[in-house]
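# Survey of secondary and tertiary structure
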Amino acid sequence: MSTDRDVTRALRSWLHEDAHEDAERVLNLVLEEIDTTPQRRAAWLTRRFPLLTKSFRFAALAAVILVAVVVTIKLLPGGGIGGPTTTPTAKPSASAASTVAAFDPCSLLTATEAFQAGGGTGVPNSKASNQGSDWYCVFPETGGYLLTFTYDAHGGATAFAQQKKGPGVQAVPGIGDDAIWLPSGKLAILKGDKEVQITIPGADQPNPSDPGKEARDLAFAKAVGAIIAGRM
Amino acid sequence: MDTDLVRLAQNGDKGAFTSLAAALADRFLAASHRILRDLGLAEDATQQALLSIWRDLPQLRDPARFDAWSYRLLVRACYVEADQARRWTPNIRLLPADEPMAADAMSTVVDRDQLERGFRRLSLDHRTVVVLHHYLDLPLDQVAETLAIPVGTAASRLHYAVKGLRAALDADARPTKRRDAQ
């Protein structure tokens, strides 16, 4: 070995040799384990607001007592003490959430479609998963992309209109009722009052050594977006 | 890393964490394998690091610092695994191999077995800095942030790691040179 530079060059080359690691087994173990592993609360948050805690607890307790009193009065025959009889009406509350809960966002795109849109051939090893969520779907294996998308069944038009006003937004015609490419590396699609956001992690970080990456990310998002929009 | 995903995962979104973990797992395993030089230990370190990320993510104040923070947890897991391995495995000291070499012992083309032996002789601190800088391509300031050490210390460790590796490689070459001279 003649110089430190030679050693460094050889070392780099050796470190970058393919060591044939496959992290899938480890990843599956971790994903199984998080179901029974609680997250730790942010200690810095509790430190930052130590004085608020007592008063907040008192206010919360007072609110609970107030709600309990109001509910009890409403449940009394005649709608309370001397009150008029009220006609029960449907109110938007948890019922809206339960309507959405019946929906599986992963039904909008199969793992194979996402995989093949990302340049993969054949069938992916991993399935699309909503992880028990009614608004989120993850495609861990999408031909080099880690596609995730969120689904907003109600009020999507409002959220979409807000996003459209943001800086650096690029119109993407021909998908859904309207679609935009956000500088954060997301494709937002609007159809009726429903919005889907397709997230490609890393798309918000330009890679100077790969100037075509953004175009590829957008092309991939458009390909899967067209499929999703057809099923929204 | 996508800060939106980090925020979602901080709030307990398992789907977002799945995306983060899937993006990290291969890199974590590859890096820890190179630091620890043992695939079994590397798998354990990767698993522990990913679980620590899930458990402690709500405590991360700035999602933009996720990368450095997550590497720090990986390095910590590597140290724990290395420590446990030291306790339970015999201390095997590798001796220079007395095997035939190419005529040009100072060639820049180094046999990978020599590199493996030389690298294993480096301390864990030195191996970690080398892998973070030369394998993960982190600039020295990010290496320093990841390890919570001053940049000067990171640079010094890298310098001495390369010196140490060079010395180890030269030591490997010496017996053969003597034999060649006979």
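Residues numbered from 1 in each chain as written. Chains lettered and ligands numbered in written order. Predicted model: local features only at pLDDT ≥ 70, side-chain atom pairs only at ≥ 80, totals over all residues. Heavy atoms only, no water.

On a plain count of helices and strands, chain B comes out with eight helices and zero strands. For chain B, the succession of helices and strands along the chain, N to C, is α-α-α-α-α-α-α-α. Split into buried and exposed, the 182 residues of chain B put 51% on the buried side. Partitioning the intrachain contacts of chain B with sequence separation of at least 6 by distance along the chain shows that 65% fall at a separation of at least 24. (Helix = DSSP H or I, 4+ residues; strand = E, 2+ residues; numbered from the N terminus. Buried < 20%, exposed > 50% of the residue type's maximum accessible area, 1.4 Å probe, protein only. Contact = heavy atoms within 4.5 Å.)

Turning our eyes to something else, we now look at the overall build of chain A. The helix and strand tally for chain A stands at eight helices and six strands. Secondary structure elements of chain A occur, N-terminal to C-terminal, as α-α-α-α-α-α-β-β-α-β-β-β-β-α. Residue burial in chain A is summarised as follows: out of 232 residues, 33% are buried. Considering only contacts within chain A whose residues lie at least 6 apart along the sequence, 52% involve residues at least 24 apart. Summed over all atoms, the accessible surface of chain A reaches about 13,700 Å², with 60% contributed by carbon and sulfur. (Areas by Shrake-Rupley, 256 points an atom, 1.4 Å probe, with all protein chains shown as cover.)

Any aromatic ring pair is given by two values, namely how distant the centres are and how the planes are angled relative to each other. Residues and elements named next belong to chain B. By the definition in use, this model includes four aromatic pairs over all chains. Relative to tryptophan 69, the ring of phenylalanine 66 has its centre 6.0 Å away and its plane inclined at 45 degrees; by these criteria the two rings are tilted. Placement of both phenylalanine 66 and tryptophan 69 in helix α4 (residues 66-88) is noted, with a separation of three residues, approximately one turn of the helix. According to the relative accessible area criterion, phenylalanine 66 is buried, its value standing at 1%. For arginine 34, the ring lying beneath its charged end belongs to tyrosine 135, and the centroid distance is 4.4 Å. (Phe/Tyr/Trp six-rings, centres within 6.5 Å; stacked < 30°, edge-to-face > 60°. Lys NZ or Arg CZ within 6 Å of the ring centre and 35° of its normal.)

Attention shifts here to the packing of helix α1 (residues 3-10) of chain B against helix α2 (residues 14-36) of chain B. All names here are of chain B. α2 packs onto α1 with a crossing angle of 130 degrees between their chain directions and a minimal axis gap of 7 Å. Between α1 and α2, the interaxial angle falls into the category oblique. Helix-helix and strand crossings are classified by hand; for α1 and α2 the assignment is left-handed. Contact residues: α1 offers Leu5, Val6, Leu8 and Ala9, while α2 offers Ala16, Phe17, Ser19 and Leu20. Residue composition of the contact of α1 with α2, grouped by class: seven nonpolar, one polar and no charged. (Axes fitted to C-alpha atoms, helices over the stretch in contact; angles between N-to-C directions. Parallel < 35°, antiparallel > 145°, perpendicular 65-115°, else oblique. Left-handed = near helix turned anticlockwise from the far one by under 90°. Nonpolar A, V, L, I, M, F, W, Y, C, P; charged D, E, K, R; others polar.)

This part is about the pattern of salt bridges. Under the counting rule described, the total for this entry stands at eleven salt bridges over all chains. Notably, a salt bridge pairs A:Asp6 with A:Arg9, separated by 3.6 Å at the nearest N-O pair. Taken together, the residues span about one helical turn, with A:Asp6 and A:Arg9 both in helix α1 (residues 4-15) at a distance of three residues. For the salt bridge of B:Glu43 with A:Arg25, the shortest nitrogen-to-oxygen distance reads 2.7 Å. Of this pair, B:Glu43 sits in helix α3 (residues 39-56) while A:Arg25 sits in helix α2 (residues 24-33), placing the two residues on different chains. Taking the relative accessible area as the measure of exposure, B:Glu43 reaches 15% and is therefore buried. (Salt bridge = Lys/Arg side-chain N within 4 Å of Asp/Glu carboxyl O.)

On to the pairing of strand β6 (residues 194-199) of chain A, then. In terms of burial, β6(A) is largely enclosed, as five of its six residues are buried. Here strand β5 (residues 186-191) of chain A folds back onto β6(A), and the loop between the two strands holds two residues, one of which, A:Gly192, carries a positive phi near 60 degrees. (Pairing = 2+ DSSP bridges.)

With that settled, consider the nonpolar core. Ranked by size, the top nonpolar core spans 69 residues in total, and within it B:Phe17, B:Ile53, B:Leu57 and B:Phe66 carry the most contacts. No other element matches α2(B), which puts 13 residues into this core. Judged by nonpolar contacts, the second largest core, of 25 residues, contains A:Leu109, A:Tyr151, A:Ile175 and A:Ile200. (Core = buried A, V, L, I, M, F, W, Y, C linked by side-chain atoms within 4.5 Å.)

Contact residues are listed per partner, giving 61 residues for chain B and 48 residues for chain A. In total, about 5,000 Å² of surface goes out of reach between chain B and chain A, with carbon and sulfur atoms giving 61% of it. Where chain B meets chain A, there are four salt bridges. Across the salt bridge formed by A:Asp35 and B:Lys14, the nearest N and O atoms sit 3.3 Å from each other. Across the chain B-chain A interface, the total number found is 13 residue pairs in polar contact (both at pLDDT 80 or more). Mapped onto the side of chain B that touches chain A, the elements with two or more residues apiece are α1, α2, α3, α5 (112-121), α6 (124-135) and α8 (151-181) of chain B. The dominant element in the side of chain B that touches chain A, judged by the number of residues it contributes, is α2(B), at 15 residues. Among the residues making up the side of chain B that touches chain A, the classes are represented as 30 nonpolar, 14 polar and 17 charged. (Buried area = accessible area lost by both parts, 1.4 Å probe. Polar contact = N/O pair within 3.5 Å; in protein donor to acceptor, adjacent residues only side chain to side chain.)

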